[in-house]
Amino acid sequence: MRLGQFKFRAGFAAAGVAAMAALPSTAAAQFTGNVGLTSDYVWRGTSQTREKPAIQGGLKYTHESGLYASVWGSNVKFKPDNGATSEFDIALGWSGKLAEDWALDVYYLRYQYPGSDVGLNWNEVNAAVTWRDNYWLAVGHSTNAMASKTSGTYALVGARYPINDQWRMEGTLARYILDSAYADSYTHGSVGVVWAFKAPFEARLTLHGTDSVAKRLFPGMAGTRAELALQASF
């Protein structure tokens with residue numbers, strides 16, 4: 001993919017959204033999932049829906065050993081249009097406790113874009129370490145970052161601060177290190193507040209910001225933006 005295509009191919013979450021925090025292994029095999037509505041699907045600092053709303057959801061199966069498989073999906077709309085209207089993130093991994101306060105999550109992630117008329121699908125290997133469930137470091141690497149046929153490494157640090165049983169603050173700072181032959185590396189961050197108003201529902205307001213490099217790479221889709229989301233987990 002040439003740099004000109006890079007400008008519309010921003011999408012991570014997920015990793016969707018759930019890829020950033022490591023999860024402890026469960027005592028028995030189980031299914032978990034989530035559904036949500038967001039005012040803007042923001043992935044690594046950039047809008048994946050041209051600043052329009054998105055409906056999102058995921059399902060995860062975790063074995064008692066800590067091995068898991070998951071799928072997460074969202075609608076997308078890139079600029080200029082390339083035929084992609086949906087994104088599916090498929091993950092295979094393992095998560096579990098390393099020590100009393102430490103947890104590890106390692107997984108292989110596939111970004112899939114059905115209906116696209118250009119080659120947007122790509123893979124990434126990720127790892128996240130969490131301390132006391134409130135601080136985490138995540139790293140992802142791909143030899144085909146954002147379907148560019150060049151390498152990219154994504155590093156993120158995050159923290160959450162519980163205020164009480166219903167409210168918490170969250171923040172992240174990340175750097176996307178891209179092959180200089182493809183595009184310049186960029187930095188982005190976020191700060192948000194989460195309201196767990198009634199189980200299993202949560203509402204969150206997140207403010208995103210990127211540096212000037214990201215705004216040049218993703219004109220109209222990077223910079224400062226607010227995201228309001230409602231999610232239910234089961």
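Structure's up top.
Residues numbered from 1 in each chain as written. Predicted model: local features only at pLDDT ≥ 70, side-chain atom pairs only at ≥ 80, totals over all residues. Heavy atoms only, no water.

Concerning the overall build of the protein chain
Scanning the protein chain from N- to C-terminus turns up two helices and 14 strands. A burial count over the protein chain gives 46% of its 234 residues as buried. (Helix = DSSP H or I, 4+ residues; strand = E, 2+ residues; numbered from the N terminus. Buried < 20%, exposed > 50% of the residue type's maximum accessible area, 1.4 Å probe, protein only.)

Quick notes on the pairing of strand 5 (residues 67–75)
Sheet topology places strand 4 (residues 54–62) next to strand 5; seven bridges connect them, and they run antiparallel. The partner of glutamine 56 across the bridge, within strand 5, is serine 74. Where strand 4 folds back onto strand 5 in an antiparallel hairpin, the turn is made up of four residues, including glycine 66, whose phi is positive at roughly 100 degrees. Direction of pairing for strand 5 relative to strand 6 (residues 86–97): antiparallel, over a ladder of nine bridges. Bridge pairing links leucine 67 to tryptophan 94 in strand 6. (Pairing = 2+ DSSP bridges.)

Looking at the packing of aromatic side chains
Applying the stated criterion to the full structure yields 15 aromatic pairs. Ring centres 6.4 Å apart and planes at 75 degrees place the aromatic pair tryptophan 43 and tyrosine 176 in the edge-to-face group. With tryptophan 43 in strand 2 (residues 42–43) and tyrosine 176 in strand 11 (residues 167–178), this pair connects stretches of sequence that are 133 residues apart. Both residues of the pair, tryptophan 43 and tyrosine 176, belong to the buried class. These aromatic residues form a ring-pair network of at least three members: Trp43, Tyr111, Trp122, Tyr154, Tyr176, Tyr186 and Phe218. Positioned above the aromatic ring of tyrosine 176 is the side chain of arginine 44, whose terminal nitrogen or guanidinium carbon lies 5.0 Å from the ring centre. The ring of tyrosine 68 has lysine 60 sitting right over it, with the charged end atom 4.2 Å from the ring centre. (Phe/Tyr/Trp six-rings, centres within 6.5 Å; stacked < 30°, edge-to-face > 60°. Lys NZ or Arg CZ within 6 Å of the ring centre and 35° of its normal.)

Things to note about the environment of asparagine 164
Examined against the element boundaries, asparagine 164 turns out to sit in the loop between strand 10 (152–162) and strand 11. A residue is classified by how much of its surface remains accessible, and asparagine 164, at 43% relative accessible area, is partly exposed. Reaching out from asparagine 164, the side chain makes a polar contact with the backbone nitrogen of glutamine 166 at a distance of 2.9 Å. Of note is the side chain of asparagine 164, whose polar atom sits 2.8 Å from the backbone nitrogen of tryptophan 167. (Polar contact = N/O pair within 3.5 Å; in protein donor to acceptor, adjacent residues only side chain to side chain.)

Remarks on the sheet that holds strand 4
The strand order 1-4-5-6-7-8-9-10-11-12-13-14 describes a closed barrel built from 12 strands, whose pairing is antiparallel. Pairs of neighbouring strands in the sheet enclose a mean axial angle of 20 degrees, with direction left out of account. Examined bridge by bridge, strand 1 (residues 30–38) and strand 4 share nine bridges and lie antiparallel to one another. Across the sheet, the residue bridging to valine 35 is glycine 57, located in strand 4. (Axes fitted to C-alpha atoms, helices over the stretch in contact; angles between N-to-C directions.)

Focus on the nonpolar core
Among the nonpolar cores identified, the biggest contains 33 residues, and Trp122, Tyr176 and Tyr186 are the most heavily contacted of them. Mapped by element, the contributors of at least two residues to this core are strand 5, strand 7 (102–112), strand 10, strand 11 and helix 2 (212–217). For tyrosine 176, the contacting residues outside a window of four places in its chain are Trp43, Arg44, Trp122, Glu124, Ala145, Met146, Gly152, Thr153, Tyr154, Ser185 and Tyr186. (Core = buried A, V, L, I, M, F, W, Y, C linked by side-chain atoms within 4.5 Å. Contact = heavy atoms within 4.5 Å.)

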